[in-house]
Amino acid sequence: MSNLFRKKTIEQIKADAAGGMAEHDFSELAPHLDDNTQLRRSLGTFDVTMLGIAAIVGAGIFAMVGQASFNGGPAVVVLFIFAAIACGFAALCYAEFAARIPIAGSAYTYAYASFGELAAWIIGWDLLVEYAIGNIAVAISWSDYFTRLLSAQGIHIPAYFTMDFLSASRGYTDNKGLVEGVLAQGHTTSSLLSMTSDQLAAVSDKLSPSIIEAYAAWSSAPRIGSIPLIVDLPALGIVVLITALVYVGIRESKTASNIMVFLKLAVILMVIVIGAFYINTDNWTPFAPNGFSGIMAGVAAVFFAYIGFDALATTAEECKDPYKTLPRGMIYSLLICTVLYVVLALVLTGMVNYTLLNVGDPLAFVFGPEGVNIPWISGIVAVSAIIAIATVLLVFQLGQPRLWMAMSRDGLLPRIFSSIHPKFRTPWFSTILTGILVAVPALFMNLSEVTDLAVIGTLFAFTLVCAGVLVKDDEFGRENRFVPYINSLYIMPVLALIVGGLTYYYTGDQVLRFLTDFTPPEGESALWGFLHKLPYILFAIFAVSIVIVSAAKKWTVIPVLGILFCTYLMSELGITNWIRFGLWLLVGLIIYFFYGYKHSNLNKIKPDESPAT
């Protein structure tokens, strides 16, 4: 069992990367390999910062901020700040590792050095959730914006080629009677598809554009036997295009990314500046209309708006000076995006009442007929959203192949995953496979379900990276640190008392009901009623334990706070997402024990040569 926790030293990780590990032979290192096995170093601090903004500013802020604002009201800015603080602690820990282990692989490589092989595999498999599954959500969101833009220009793609099978099936089954009742009144499916949400509400207060689209897709789709052919073709198209760009090379990718980042930042600033003139401060009252629970209801949506900066760590081998470039790029991009998010959320909730913002395109909506009615700005925002979401897709498609490349170098995946294209000098096989694994599910999968899974996977990765800094703290020393040593002995107990006191003062009644009322939600068993509370209970126990241990062992404060912030956000995602995430990790463990454990390069090292653990 000890082999499951065998570690790689930092020196060994660097040596493996230097050798390219083309044949997974520890005896063949860099001097014996052709230079074409190495990745091209072409990224500076500016490029990495732009890639970070490209990854962060996308579907989360262009689409999901509306839902978060609808739940939390203007106080959603508090959640943006809270999520930014959690990401900030994680970013510092990523920066610490990235500066000392400038190797592609991100959290996977850091876990290998900190916790050992089993944890490294788990985190590598987990990052598939963030990169690949997260990109499925991004591709679906891009498709939604693209089809809306075409519709506004009078170009209509059949509904069965613009949505996923699951959404169409559910929408048709749940609303068949409602829609057919409206059709019986003399309306047609085509006329209903052309109506706005207000016009549909005038026909029936239960109708919405998404219901009509689902009904139209299911009822009009061509069939293979009795099965309707419903696929999201625009999502497929954008994934193929971005994958081809990433396959060609990092220089071409960064140039395209930088151009797209400038465009979308210009549009966001335009929304902020012009929208500021239309703010009605009465819309900010009440500031938190649904209380703390309403604010936290938007956790998945808000945190999804921050996902991406950690993908920068996978470009370590393509940075000119990774010790300086990666940490600065991560931190700069996170700070820039946080300021933009907070200001943008205040502008949106000031322009229209928060109750109107539960839409898929909130930035365009506030300038539409139900907002301040400036159609030309609404159109520009729609175009910008397409660009913004495409840049997120680009960065994640860069990250996933490089993660597989790192795992392949270690023998945990077949060596073809780390094969470098002789001309483009990119991980060609991993890039193609990533494109397939994103493009095919994007044809059929549902947006909300993959979004929640991507968020919980990302938070789990952040937690392990923060914990890894604690494990390697003594080895990293006290000089040239991105995570300075701050003794937890007194700080953590004091912070715990302050948080506990504020919680009791503001939400004491809710906490008391939570602890004493075990009545299950309507339609659910008593077991599920308890399971819904389980993530919060486990977090409370974990948090108290961490505070006590960190004070006793005098751990440094920043990674401890990173662990607590991230695990709390995980507890807000609900038991259903925890179960799905657990099943995903179980599948990963099965693959590891059937392939990775046997083929690991650490099996090739003689006992007296094994790395320090």
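The rules behind the values
Residues numbered from 1 in each chain as written. Predicted model: local features only at pLDDT ≥ 70, side-chain atom pairs only at ≥ 80, totals over all residues. Heavy atoms only, no water. Helix = DSSP H or I, 4+ residues; strand = E, 2+ residues; numbered from the N terminus. Buried < 20%, exposed > 50% of the residue type's maximum accessible area, 1.4 Å probe, protein only. Areas by Shrake-Rupley, 256 points an atom, 1.4 Å probe, with all protein chains shown as cover. Axes fitted to C-alpha atoms, helices over the stretch in contact; angles between N-to-C directions. Parallel < 35°, antiparallel > 145°, perpendicular 65-115°, else oblique. Nonpolar A, V, L, I, M, F, W, Y, C, P; charged D, E, K, R; others polar. Phe/Tyr/Trp six-rings, centres within 6.5 Å; stacked < 30°, edge-to-face > 60°. Core = buried A, V, L, I, M, F, W, Y, C linked by side-chain atoms within 4.5 Å. Contact = heavy atoms within 4.5 Å. Left-handed = near helix turned anticlockwise from the far one by under 90°. Patch = residues over 30% accessible without salt bridge, like charges linked within 9 Å, V, L, I, M, F, W, Y side chains within 5 Å. Salt bridge = Lys/Arg side-chain N within 4 Å of Asp/Glu carboxyl O. pLDDT = per-residue confidence, 0-100. Disulfide = S-S within 2.5 Å. Expected span 1.5 Å × (residues − 1). Bend = angle between axes of the 7 residues up to and from the residue.

**A short note on the overall build of the chain**
Of the regular secondary structure elements, the chain holds 24 helices and 2 strands. Buried positions account for 55% of the 613 residues belonging to the chain. As displayed, the chain has an accessible area near 25300 Å², and 66% of this comes from carbon and sulfur atoms.

**With respect to unusual backbone geometry**
With an omega of 0°, the peptide bond between threonine 285 and proline 286 qualifies as cis. Positive phi is not limited to glycine here, since asparagine 373 has a value of about 60°. With respect to the helices and strands, the residue asparagine 373 is situated in the loop between helix 16 (362-365) and helix 17 (375-409). Residue classification places asparagine 373 among the partly exposed residues on the basis of a relative accessible area of 47%.

**Quick notes on the packing of helix 4 (residues 76-100) against helix 15 (residues 322-351)**
Direction vectors running N to C along helix 4 and helix 15 enclose 175°, while the axes themselves pass 9 Å from each other. In terms of orientation, helix 4 and helix 15 fall into the roughly antiparallel class. Here the contact of helix 4 with helix 15 is built from residues that sort into 23 nonpolar, 2 polar and no charged.

**Observations concerning the packing of aromatic side chains**
Evaluated as defined, the whole model comprises 28 aromatic pairs. An angle of 80° between the planes, with centres 5.7 Å apart, marks the rings of tyrosine 94 and phenylalanine 462 as edge-to-face. With a gap of 368 residues between them, tyrosine 94 in helix 4 and phenylalanine 462 in helix 19 (residues 447-471) connect regions that are remote in the sequence. Measuring from ring centre to ring centre gives 5.1 Å for tyrosine 592 and phenylalanine 593, while their planes differ by 70°; the resulting arrangement is edge-to-face. A network of ring pairs unites the aromatic residues Trp121, Trp125, Trp584, Tyr592, Phe593 and Tyr597 as a single cluster.

**Observations concerning the nonpolar core**
Phe80 and Phe309 are the most contacted members of the largest nonpolar core, which totals 165 residues. Broken down by element, this core gets its largest block of residues, 19 residues, from helix 6 (residues 117-152). Every residue in contact with phenylalanine 80, bar those within four places of it in the chain, is listed here: Ile61, Val65, Val302, Ala305, Tyr306, Tyr341, Val342 and Ala345. Of all hydrophobic cores here, the second largest spans 20 residues; its members include Tyr160, Met195, Leu200 and Ala217.

**Some thoughts on the side chain of threonine 458**
Positionally, threonine 458 belongs in helix 19. Residue contacts for threonine 458: discarding those within four places in its chain leaves Glu130, Phe303 and Ile307.

**Details of the packing of helix 5 (residues 107-114) against helix 6**
In a pair of packed helices, the angle between the axes and the distance between the axes together describe the arrangement. Orientation of helix 5 relative to helix 6, taken along the N-to-C sense of each, is 165°, at an axis distance of 7 Å. By the criterion of interaxial angle, the relationship of helix 5 to helix 6 is roughly antiparallel. When the axes of helix 5 and helix 6 are compared, the crossing they make is right-handed. Residues Ala107, Tyr108, Ala111 and Tyr112 of helix 5 form the contact with helix 6, whose own contacting residues are Glu117, Ala119, Ala120, Trp121, Ile123, Gly124 and Leu127.

**A closer look at the environment of phenylalanine 429**
Counting through the fold element by element, phenylalanine 429 comes out in helix 18 (residues 428-442). You can call phenylalanine 429 partly exposed: its relative accessible area is 24%. Taking the C-alpha atoms as reference, phenylalanine 429 lies 6.7 Å from isoleucine 416; in sequence the two are 13 residues apart. Phenylalanine 429 has contacts with Ile416 and Phe417, leaving out every residue within four places of it along the chain.

**Concerning a nonpolar patch on the surface**
A cluster of nonpolar side chains, contributed by Ile486, Ile491, Val494, Leu495, Ile498, Leu502, Tyr505 and Tyr506, occupies part of the molecular surface with about 790 Å² of accessible area. If you trace the backbone, isoleucine 491 turns up in helix 21 (residues 488-516). Look at isoleucine 491 and you get partly exposed, because its relative accessible area is 33%.

**So, the confidence of the model for the chain**
Mean pLDDT for the chain: 79, with 86% of residues reaching 70 or above. Looking over the chain, one finds the lowest element-wise mean pLDDT in helix 1 (residues 10-18), namely 67, and the highest in helix 23 (residues 557-571), namely 91. The model gives residues 21-37 a pLDDT under 50, and that stretch makes 38 contacts with residues more than four places away or in other chains.

**A closer look at the state of the cysteines**
Scanning the model with the defined rule gives 0 disulfides in all. Free cysteine: cysteine 566, not disulfide-bonded; nearest cysteine sulfur from cysteine 466 at 5.4 Å.

**Topic: helix 7 (residues 165-183)**
In an α-helix, one turn spans 3.6 residues, which is why side chains three or four residues apart end up on the same side. Along its 19 residues, helix 7 runs just 23 Å from first to last C-alpha, ending more than 12% under the 27 Å computed at 1.5 Å per residue. Where helix 7 bends most, the angle comes to about 70°, and this point is asparagine 175. Residues of helix 7 that are buried: Ser167, Ala168, Ser169, Gly171, Tyr172, Asn175, Val179 and Val182.

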